[in-house]
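Observations on the model geometry
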Amino acid sequence: MTEDPYVAHRSLLFTVAYEMLGSAADAEDVLQESWLRWADVDRSQVRDPRAYLVRTVTRQALNRLRAMSRRREDYVGEWLPEPLLTSPDVAEDIELAENVSIAMLTVLETLGPTERAVFVLREVFDMPYGEIAQAVGKSAAAVRQIARRAREHVAARRPRVQVSRSEQQAVVERFLAALRTGQLQELLDVMAPDVVLIADGGGIAAAAPAPVHGAELVAKMLARPDRVVSAVWLNGAPAGRIEIDGRLAAVSLVVENGKVTRIHAIANPRKLTRLDEPAELAR
């Protein structure tokens, strides 16, 4: 039997929905809704199942993204994307790894729903403007303009200095080693003076309610020895998994010029349910 196109493209569809929503749980809900619609379709009328399924997922993700805006407004403290455990192989696709990174997903949060959908479909999945237009309900000309604005918006906010995978891994390992010892000076040595810590506890776990700026303040918050620190791959990049008194947190880092410039710490337990089994991401 020929494999059902939905099953064949499920990893791609999940990646599209996750990129648009920043939440694996919401992405799974979108896939379930899309599957129900696919099950009712006359397959003989579908010329390109992959494109049809991507359009369906995009529309469902857009509906959910618009509905989620109020939920995000009411969120306690800083909101960060839900981290995904990934295999090191994801990092081999440099563009995919960059676009599913916690840093990039955080930038995408600053786009409007349609802008985000257009950016993801064009820049990450290289879809033709005509197909994107069908997915978002706009003309191809309008989609081109939206894509240009979205690219400029993202370019102004993403990390300006791209580092190699080996440099990123080396700096992350130094940072995690400093966390294990809890030594203040070791932490200061690996962080840029203007480092920023953003923590997401969701009102459930203890977390700074606003971004913390400056190496000294951040180091004082992190310098404690009573934790278990392990290296993991999250969202296509080396990262950290931290356990403190039975509580779990995930840490993703932005590295520039050999120093940590931004720390994303996710402690909301509702966002940490996917750290035991690697997610399947695909373009």
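These lines cover the structure that appears in this document, whether it is placed above or below. This is a predicted model, so every value here is computed, not measured.

1. A few points about the pattern of salt bridges
According to the stated counting rule, one finds 18 salt bridges in the structure shown. Across the pair Arg-64 and Asp-29 runs a salt bridge, and its minimum N-O distance is 3.4 Å. You can see Arg-64 sitting in helix H4 (residues 49-73) and its partner Asp-29 sitting in helix H3 (residues 24-39), a full 35 residues away along the chain. Exposure remark for Arg-64: the relative accessible area of 19% places this residue in the buried category. With relative accessibility at 36%, the residue Asp-29 sits in the partly exposed group. Note that Glu-123 is salt-bridged to Arg-151, the shortest N-O span being 3.0 Å. Highlighted residues: Glu-123 in helix H7 (residues 113-124) and Arg-151 in helix H9 (residues 140-157), separated in sequence by 28 residues. Assessed through its relative accessible area of 28%, Glu-123 is described here as partly exposed. Its relative accessible area of 32% is what places Arg-151 among the partly exposed residues. Connected through shared salt-bridge partners, Arg-10, Glu-28, Glu-82 and Arg-274 make up one network.

2. Thoughts on the sheet that holds strand E4 (residues 237-244)
Judged by pairing direction, the sheet is mixed, and its 6 strands sit side by side in the order E2-E1-E6-E5-E4-E3 without closing on themselves. The outermost strands of the open sheet, each flanked by one partner alone, are strand E2 (212-213) and strand E3 (228-234). Where E3 and E4 come together, 7 bridges link them in antiparallel fashion. Across the sheet, the residue bridging to Val-232 is Ala-239, located in E4. Along the sheet face, helix H10 (residues 165-181) touches strand E1 (191-200), E3, E4, strand E5 (247-256) and strand E6 (259-266) and points at about 160° away from the line of E3. Sitting on the sheet, helix H12 (residues 215-222) touches E1, E2 and E6, and the angle it makes with E1 is about 50°.

3. Regarding the packing of helix H2 (residues 10-21) against H3
Across the interface, H2 lies against H3 with an axial gap of 8 Å and an inter-helix angle of 130°. By the criterion of interaxial angle, the relationship of H2 to H3 is oblique. When you trace H2 past H3, the crossing you get is right-handed. Judged by residue contacts, Arg-10, Leu-13, Phe-14, Ala-17, Tyr-18 and Leu-21 of H2 engage Ala-24, Asp-26, Ala-27, Glu-28, Val-30 and Leu-31 from H3. A breakdown of the residues in the contact of H2 with H3 according to their chemical character gives 9 nonpolar, no polar and 3 charged.

4. Let's talk about the nonpolar core
Phe-14, Met-20 and Leu-108 are the most contacted members of the largest nonpolar core, which totals 52 residues. Where this core is concerned, the elements lending two or more residues are H2, H3, H4, helix H6 (102-108), H7, helix H8 (129-136) and H9. Looking at which element gives the most residues to this core, the answer is H2, with 8 residues. Discounting chain neighbours no more than four positions away, the residues touching Met-20 are Thr-58, Ala-61, Leu-62, Leu-65, Arg-116, Ala-117 and Val-120.

5. Digging into the side chain of Ser-34
Here Ser-34 lies in helix H3. We classify Ser-34 as buried; its relative accessible area is 0%. Contact partners of Ser-34, with chain neighbours within four places excluded, come to Thr-56, Val-57 and Gln-60.

6. Looking at H10
Its 17 residues give H10 an end-to-end C-alpha distance of 25 Å, which sits within 8% of 24 Å, the value for a rise of 1.5 Å per residue. Residues of H10 that are buried include every one of Gln-168, Val-171, Val-172, Phe-175, Leu-176, Ala-178 and Leu-179, and no others. When H10 is viewed along its axis, its buried side chains cluster within an angular range of 155° and face the same direction. Note on H10: the residue one or two positions beyond its end, Gly-182, has a positive phi of about 70°.

7. A closer look at the environment of Ala-133
Looking at where Ala-133 falls in the secondary structure, it is placed in helix H8. As for Ala-133 and Glu-243, which are separated by 110 residues in sequence, their C-alpha atoms are 45 Å apart. Not counting residues up to four positions away in its chain, the partners in contact with Ala-133 are Lys-138, Ser-139, Ala-140 and Val-143.

8. Here's the deal with the packing of aromatic side chains
Considering all chains together, one arrives at 3 aromatic pairs under this definition. Between Tyr-6 and Trp-35, the ring centres sit 5.1 Å apart and the planes meet at 55°, which makes this aromatic pair tilted. One end of the pair, Tyr-6, is in helix H1 (residues 5-8); the other, Trp-35, is in helix H3, with 29 residues separating them in the sequence. Taking the relative accessible area as the measure of exposure, Trp-35 reaches 31% and is therefore partly exposed.

The rules behind each value
- Think of each chain on its own: its residues are numbered from 1, step by step along the sequence as written.
- The model is predicted, so local features are restricted to residues of pLDDT at least 70 and side-chain atom pairs to those at 80 or more, both for listing and for counting; the totals for chains, interfaces and linings are taken over all residues.
- Side-chain numbers come from the whole structure's heavy atoms, not from hydrogens or water.
- Any Lys or Arg side-chain nitrogen located within 4 Å of an Asp or Glu carboxyl oxygen qualifies as a salt bridge.
- Comment: elements are numbered from the N terminus, with helices defined as DSSP H or I runs of at least four residues and strands as E runs of at least two.
- A 1.4 Å probe rolled over the protein chains alone gives each residue an accessible area, and that area as a share of the maximum for its type sets the label: buried under 20%, exposed over 50%, partly exposed in between.
- We treat two strands as partners when DSSP finds at least two bridges between them.
- Contacts are assigned to residue pairs with any non-hydrogen atoms lying within 4.5 Å of each other.
- For every element, the axis is a line fit to its C-alpha atoms; helices are fit only across the contacting stretch, and the angle between N-to-C directions ranges from 0 to 180 degrees.
- For classification purposes, angles smaller than 35 degrees are called roughly parallel, those larger than 145 roughly antiparallel, those between 65 and 115 roughly perpendicular, and all remaining angles oblique.
- A crossing counts as left-handed when the near helix is turned anticlockwise from the far one by less than a right angle, and as right-handed when that turn is clockwise.
- Ten residues, namely Ala, Val, Leu, Ile, Met, Phe, Trp, Tyr, Cys and Pro, are considered nonpolar, four, namely Asp, Glu, Lys and Arg, are considered charged, and the remaining ones, Gly among them, are considered polar.
- Here, nonpolar core refers to any group of buried Ala, Val, Leu, Ile, Met, Phe, Trp, Tyr and Cys residues whose side-chain atoms link them within 4.5 Å.
- Working rule for helices: expected span equals 1.5 Å times residues minus one.
- Regarding the arc, it is the one traced by the directions from the helix axis to the C-beta atoms.
- What counts as a ring pair is set by centres within 6.5 Å for rings of Phe, Tyr and Trp (its six-membered ring), and what kind of pair is set by the plane angle: stacked under 30 degrees, edge-to-face over 60, tilted for all other angles.

The quantities given are spatial measurements derived from coordinates; they are silent on function.
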